[in-house]
Amino acid sequence: MKNVIWVVASIIVLTSAGVRADYEQGCDDPAYHQFIASRYAYYEAKNRRLLVDTWRDYQRSLAISDNPFQIIGDLSRHLKYSAQFDPVSEVEAKIDRVFEHADALSVKQQIAGDVFDSFSSEKHAVGIAQAWLAYRKGNPDEAFDALLKSIEAGDAAVLSSFGPDWNFVRQIYRDGHIAPVIAYINKTKAFWTGPRPDRLRYVWRAMINAECEIQFDFFDTIKVLELRLSVRDVNRRQ
């Protein structure tokens, strides 16, 4: 039921934004490029808001929380946004701070974290931040290596439910780096399982093969049909 509601809500959002229902020129249609540009502007604005919000969350946890896992988690989430916008030296200092918080855990706390999911979400966030930093420094190979290692974080309990980060993937795909994006998508099959991730991977592969611009979110499952690609409607009940 939730999936159906989300599909309907997504269609309403797209329609209300004045988006065309069909693109005659497919992936090369100027109207589609304009739509993608508006979506990227939306993602940047959203991530800048999250940059502020997650830093505030971390500062609040640092001041009043006696839960070290919450403090580490809040700072790790912030890193994914900080690495996109903050000065490199500042991001590097924040990464060091995550490890300082981790080193301060007691042996029992470290064991508890390992038992839950081996700090997979935190390791993933740090890995994504390191990928952003390497990319911003002009070291794409190092960045792509960090990207792929970011999803080798052990038992990914949280990542398997909500999926990995797509912000960095969105950027490098738009910059023309296709191979690491495909490798990342393929590696997510090891932990991000179920009908929804399978549908998304199916649509993204089809769009990559057609050399389409991609948002790397749920909306792609709707737009892929409007682009007249030969794919099945993954949102239709079978």
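Let me sum up the structure you'll find in this document.

Each value, and the rule that gives it
Residues numbered from 1 in each chain as written. Predicted model: local features only at pLDDT ≥ 70, side-chain atom pairs only at ≥ 80, totals over all residues. Heavy atoms only, no water. Helix = DSSP H or I, 4+ residues; strand = E, 2+ residues; numbered from the N terminus. Disulfide = S-S within 2.5 Å. Buried < 20%, exposed > 50% of the residue type's maximum accessible area, 1.4 Å probe, protein only. Phe/Tyr/Trp six-rings, centres within 6.5 Å; stacked < 30°, edge-to-face > 60°. Lys NZ or Arg CZ within 6 Å of the ring centre and 35° of its normal. Salt bridge = Lys/Arg side-chain N within 4 Å of Asp/Glu carboxyl O.

### Quick word on the environment of proline 195
Relative to the assigned elements, proline 195 resides in helix α11 (residues 195-209). It is 9.5 Å that separates the C-alpha atoms of proline 195 and valine 234, two residues lying 39 residues apart in sequence.

### Focus on the state of the cysteines
Applying the stated rule across the entire model yields 1 disulfide. Across the disulfide, cysteine 27 is cross-linked to cysteine 212 (sulfur-sulfur distance 1.5 Å). Separated by 185 residues along the polypeptide, cysteine 27 in the loop between α1 (2-16) and α2 (30-64) and cysteine 212 in the loop between α11 and α12 (220-226) bring together distant segments of the chain. Judged by its relative accessible area of 10%, cysteine 27 is buried.

### Here we look at the packing of aromatic side chains
Counting across every chain of the model gives 14 aromatic pairs. An angle of 40° between the planes, with centres 6.3 Å apart, marks the rings of tyrosine 135 and phenylalanine 144 as tilted. Each member of the pair, tyrosine 135 as well as phenylalanine 144, carries the same accessibility label: buried. On the basis of an interplanar angle of 45° and a centroid distance of 5.9 Å, the ring pair of tryptophan 166 and tryptophan 192 is categorised as tilted. Taken together, the residues tryptophan 166 in the loop between α8 (157-162) and α9 (167-174) and tryptophan 192 in the loop between α10 (178-187) and α11 connect sequence positions 26 residues apart. The pair formed by tryptophan 166 and tryptophan 192 is uniform in burial state, with each residue classed as buried. Put simply, the rings of Trp166, Tyr173, Tyr184, Trp192, Trp204 and Phe216 touch in pairs and so form one group of aromatic residues. One Lys or Arg, arginine 174, reaches over the ring of tyrosine 40 and ends 4.1 Å from the middle of that ring. For arginine 232, the ring lying beneath its charged end belongs to tyrosine 202, and the centroid distance is 4.0 Å.

### A word on unusual backbone geometry
Glycine aside, a negative phi is what most residues show, and trans is what most peptide bonds show. You will see that glutamate 211, though not glycine, has its phi angle at about 60°, which is positive. Position of glutamate 211 among the secondary structure elements: in the loop between α11 and α12.

### Details of the pattern of salt bridges
Tallying each qualifying case throughout the model produces 15 salt bridges. Here aspartate 74 and arginine 77 are joined by a salt bridge, their closest N and O atoms 2.3 Å apart. Separated by 3 residues within a single helix, aspartate 74 and arginine 77 lie in helix α3 (residues 68-85), roughly one turn from each other. Judged by relative accessible area, which is 44%, arginine 77 ranks as partly exposed. One network of salt bridges, in which partners are shared, links Asp86, Glu90 and Lys94.

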